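Spelled out from the first residue to the last, the chains are:
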Amino acid sequence: MEPHEVSEILNRPLSQDLLSRDLTRLAYVAKDGTPRNVPIAFVWNGTQIVMCTTKNAPKLPALRQNPMVALTVDTEAHPPKILLVRGRAELDPVDGIPDEYLEANTTYEMTAEQRVEWEAEVRSLYTDGMVRIVVTPTWAKLIDFETTLPSAVDELVRRRAERQGA
């Protein structure tokens, strides 16, 4: 997929709505060769998806070995709205708490007091810093079940139309 095609999909209003959500599912291949799919908070900075994790997270050695990832951001309502993204994870260890980690967790419902307590807990827990997982999308697909469908379903719709037209 060409970069301009990826940008066109990611710049659609529905994609932007999905990219403003707080949770994605990160799929990667674990060191033992089996697939993993984990929910993780994220932020979209306009060109990259940024997730943050602990420096001792099991996903980090796996991502160093095979940095290719897939991400899913979706809704719970019917029909679902789904944004699928693929890319290469770049790992960026940082001292302290990355701004993206604090930003990724701002959509959770917390009172101002709860937010202060949560941030203090985060700062006391992650004393050795964190790792930013940065993904620049190289492929994207938006599925809304109104104007776009999963490719296999789209094929079935085309086949049905051909049968009915024959």
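The coordinates are above.
Residues numbered from 1 in each chain as written. Predicted model: local features only at pLDDT ≥ 70, side-chain atom pairs only at ≥ 80, totals over all residues. Heavy atoms only, no water.

What exactly am I supposed to notice about the overall build of the protein chain here?
If you tally the helices and strands in the protein chain, you get six helices and seven strands. Counting from the amino terminus, helix and strand elements in the protein chain follow one another as α-α-β-β-β-β-α-β-β-α-α-β-α. Considered along the principal axes of its C-alpha atoms, the protein chain spans approximately 70 × 40 × 30 Å. Taking all 166 residues of the protein chain together, the buried fraction comes to 36%. Counting contacts in the protein chain only where the partners sit at least 6 residues apart, residues at least 24 apart contribute 68% of the total. When the accessible surface of the protein chain is summed, it comes to about 9,900 Å², and 52% of that surface belongs to carbon and sulfur atoms. For the protein chain, the separation between the mean place of its 19 positive charges and that of its 25 negative charges on side chains is 8 Å. (Helix = DSSP H or I, 4+ residues; strand = E, 2+ residues; numbered from the N terminus. Buried < 20%, exposed > 50% of the residue type's maximum accessible area, 1.4 Å probe, protein only. Contact = heavy atoms within 4.5 Å. Areas by Shrake-Rupley, 256 points an atom, 1.4 Å probe, with all protein chains shown as cover. Lys, Arg positive; Asp, Glu negative; His and termini not counted. Charge placed at Lys NZ, Arg CZ, Asp CG, Glu CD.)

Which parts of the structure should I look at to understand the environment of Arg-12?
In this structure, Arg-12 sits in the loop between helix 1 (3-10) and helix 2 (13-19). With a relative accessible area of 28%, Arg-12 lands in the partly exposed category. Each C-alpha atom of the pair Arg-12 and Ile-49 lies 16 Å from the other, and the pair is 37 residues apart in sequence.

I keep staring at the pairing of strand 2 (residues 35-41) and nothing clicks. Help me out?
Looking down a regular strand, the side chains alternate between one sheet face and the other. Bridge count for strand 1 (residues 23-29) against strand 2 is seven bridges, and the pairing is antiparallel. If you follow Arg-25 over to strand 2, its bridge partner there is Pro-39. In textbook terms, the turn of a hairpin is the stretch between consecutive antiparallel strands, and for strand 1 and strand 2 this stretch comprises five residues, one of which, Gly-33, has a positive phi near 90 degrees. (Pairing = 2+ DSSP bridges.)

For this particular structure, what's the right way to read the sheet that holds strand 3 (residues 43-44)?
Strand-to-strand pairing in sheets goes through backbone hydrogen bonds, with the strands running parallel or antiparallel. Judged by pairing direction, the sheet is antiparallel, and its seven strands sit side by side in the order 2-1-5-6-7-4-3 without closing on themselves. Both edges of this open sheet fall to strand 2 and strand 3, since each of them pairs with a single strand only. Examined bridge by bridge, strand 5 (residues 68-74) and strand 6 (residues 82-94) share seven bridges and lie antiparallel to one another. Counterpart to Thr-72 in the pairing with strand 6 is Leu-84. The sheet contacts of helix 1 involve strand 3, strand 6 and strand 7 (130-143), and relative to strand 7 the element is tilted by about 90 degrees. (Axes fitted to C-alpha atoms, helices over the stretch in contact; angles between N-to-C directions.)

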